[in-house]
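Chains, contacts and geometry: an overview
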Amino acid sequence: MAEEKKCSSTSCGKSSCEGCDKAKTDFSVKPHAMSHIKKVIGVVSGKGGVGKSMVTSLLAVTMSKKGYKCGILDADITGPSIPKAFGVKDKIMSNGEAMLPVYSEGGVPIISINLLLQNETDPVVWRGPVIANTVKQFWSDVIWGDLDYLFIDMPPGTGDVPLTVFQSLPVDAIVVVTSPQELVSMIVAKAVKMAELMKIPVAGLVENMSYFHCPDNGKDYQIFGESHIDEVAGRYGLPVLARIPIDPALAAACDEGRIEEFAGSCMDDAVMMLEDR
Ligand SMILES: Nc1ncnc2c1ncn2[C@@H]1O[C@H](COP(=O)(O)OP(=O)(O)OP(=O)(O)O)[C@@H](O)[C@H]1O
Ligand SMILES: [Mg+2]
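Quantities reported herein were computed from a predicted structural model and do not represent experimental measurements.

Definitions and limits used
- Residues numbered from 1 in each chain as written.
- Chains lettered and ligands numbered in written order.
- Predicted model: local features only at pLDDT ≥ 70, side-chain atom pairs only at ≥ 80, totals over all residues.
- Heavy atoms only, no water.
- Near = heavy atom within 4 Å.
- Polar contact = N/O pair within 3.5 Å; in protein donor to acceptor, adjacent residues only side chain to side chain.
- Areas by Shrake-Rupley, 256 points an atom, 1.4 Å probe, with all protein chains shown as cover.
- 1 Å grid on protein atoms, 1.4 Å probe; cavity = no way out; pocket = protein on both sides within 12 Å on 5 of 7 lines; lining within 4 Å.
- Sits in = over half its atoms within 2 Å of the grid points.
- Helix = DSSP H or I, 4+ residues; strand = E, 2+ residues; numbered from the N terminus.
- Nonpolar A, V, L, I, M, F, W, Y, C, P; charged D, E, K, R; others polar.
- Points joined across faces, edges and corners; volume = space filled by probe spheres on them.
- Buried < 20%, exposed > 50% of the residue type's maximum accessible area, 1.4 Å probe, protein only.
- Arc of directions from axis to C-beta.
- Contact = heavy atoms within 4.5 Å.
- UniProt positions renumbered as here; feature names shortened; annotations may be inferred.
- Axes fitted to C-alpha atoms, helices over the stretch in contact; angles between N-to-C directions.
- Parallel < 35°, antiparallel > 145°, perpendicular 65-115°, else oblique.
- Left-handed = near helix turned anticlockwise from the far one by under 90°.

Near ligand 1 you find 18 residues, and of these Lys52, Ser53, Met54, Asn208 and Pro245 are the closest. Residue valine 50 places a main-chain N or O atom 3.1 Å away from an oxygen atom belonging to ligand 1. Summarising the interface, the protein chains cover 77% of the accessible area of ligand 1, which totals 630 Å² for the free molecule. Its atoms largely coinciding with the cavity grid, ligand 1 occupies the largest pocket. Secondary structure elements with two or more residues in the shell around ligand 1: helix H3 (52-65) and helix H9 (248-255). Looking at side-chain class alone, the shell around ligand 1 contains 10 nonpolar, five polar and three charged residues.

Right, let's get into the layout of surface pockets. Estimated volume of the largest pocket: approximately 400 Å³. Taken together, 24 residues form the lining of the largest pocket, with Gly49, Gly51, Met54, Asn208 and Met209 sitting closest to its centre. Counting residues per element, the ones that place at least two in the lining of the largest pocket are H3, helix H4 (82-86) and H9. A per-element tally of the lining of the largest pocket places H9 first, with five residues. By residue class, the composition of the lining of the largest pocket is 12 nonpolar, seven polar and five charged.

This next bit is on unusual backbone geometry. Residues apart from glycine generally show negative phi values, whereas peptide bonds are mostly found in trans. Phi angles above zero are rare outside glycine, and lysine 199 is one such case at about 60 degrees. With respect to the helices and strands, the residue lysine 199 is situated in the loop between helix H7 (184-197) and strand E9 (202-207). A positive phi angle, near 55 degrees, is found at methionine 209, a position not held by glycine. With respect to the helices and strands, methionine 209 occurs in the loop between E9 and strand E10 (212-213).

Each α-helix turn comprises 3.6 residues. Residues three or four places apart therefore point the same way. Regarding helix H8 (residues 229-236), the residues found buried are Ile229, Val232 and Ala233. Looking down the long axis of H8, one finds its buried residues gathered within 100 degrees of arc, a one-sided arrangement. Packing partners of the buried residues in H8 comprise strand E8 (173-178), H7, E9 and strand E12 (240-243). Immediately downstream of H8, the backbone of glycine 237 shows phi near 65 degrees, a positive value.

Attention now moves to the UniProt feature "binding site: ATP" (unreviewed entry) in the chain. The feature "binding site: ATP" (unreviewed entry), as annotated in UniProt, sits at Gly46, Lys47, Gly48, Gly49, Val50, Gly51, Lys52 and Ser53 in this numbering. Lining the largest cavity, from the residues named above, are Gly46. Within the secondary structure, glycine 46 is located in the loop between strand E1 (35-44) and H3. Among residues more than four places away in sequence, those in contact with glycine 46 are Gly157, Ile187 and Ala191. Residue position: valine 50 is located in the loop between E1 and H3. Residue valine 50 is classed as buried on the basis of its relative accessible area of 4%. If near-sequence neighbours (up to four positions away) are discounted, valine 50 is found in contact with Ser45, Val177, Thr178, Ser179, Asn208 and Met209.

The final tally for this structure, using the stated rule, is two cavities of 30 Å³ or more. Its volume calculated, the largest cavity comes out at about 50 Å³. Lining the largest cavity we find Val44, Ser45, Gly46, Gly157, Thr158, Pro162, Phe166, Ile174, Ala191 and Met194. Only helix H6 (160-168) and H7 provide two or more residues apiece to the lining of the largest cavity. Looking at the lining of the largest cavity, its residues break down into six nonpolar, four polar and no charged. Approximately 40 Å³ is the volume found for the second largest cavity.

The description of two helices packed together rests on the angle between their axes and the distance between the axes. The interhelical angle for the contact between helix H5 (residues 128-140) and H6, taken along N-to-C directions, is 40 degrees, at an axis separation of 9 Å. Relative to H6, the element H5 is oriented oblique. Here H5 runs over H6; the crossing is right-handed. Between H5 and H6, the residues in contact are Gly128, Pro129, Ile131, Ala132, Val135 and Lys136 and Asp160, Val161, Thr164, Val165 and Ser168, respectively.

This is the structure in structure tokens:
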């Protein structure tokens, strides 16, 4: 009967329901049957170059060192940087039915478009829908195995890919990365408001390139100006998860594919706060 197919609610969510708005707007994608992922954390920022990939890498490395099984989905299709930070070069293999991630030396499974391209310098010149589908496949067509945390490194801004990830993947929380510059409050606001719109909780803010600790005189210098992170965090009622200094050793570790060897403790508090969620 026609009545059985329709409901009066706007959100019953049944895929068979013709009257329900949720059914029409449910873009969620199922993970592969052999993926069992407990928590999905997106790393975002309203702006490019603030250190999202660095923070994603450090979160996965720090969590792994604590004994959690962590993976990284590099959702930055046109500017992937995770394979380089972890020094992985092998190509993604397929068992004919699904893709298998490439494992870093420390055992972190990674999926990135750069691990599918013949040359890492080949540009990806694709239209938005193709890019969005690729990101969805990185979730649905990959055998991630058993993971405690899957971190998603997002491209900058609030465009097509973050929208696809928020709509299609079961993101438990996002971490917003900023740098201490004047525009920060506007940039954080954009990311936080997008998360609100998509009903994704914000775990907190990370201020990267917060200061430089001079090894010669032991003083901290605020190279990019005074920090406004506490003010912004207070405005949105969010915790500050970490303040990462400008550290040439960190940049070198990233550039040389040795991020897993970086011994800093800058993400320890952030990891504890994520564990408590
Ligand atoms: N705290 C830091 N100290 C030193 N170098 C850093 C720090 N954070 C990031 N960098 C360097 O700055 C550059 C940009 O960082 P990263 O790639 O993580 O930014 P991003 O936000 O992911 O950029 P994009 O928006 O292009 O994806 C990298 O070369 C990285 O090594
Ligand atoms: Mg990046």
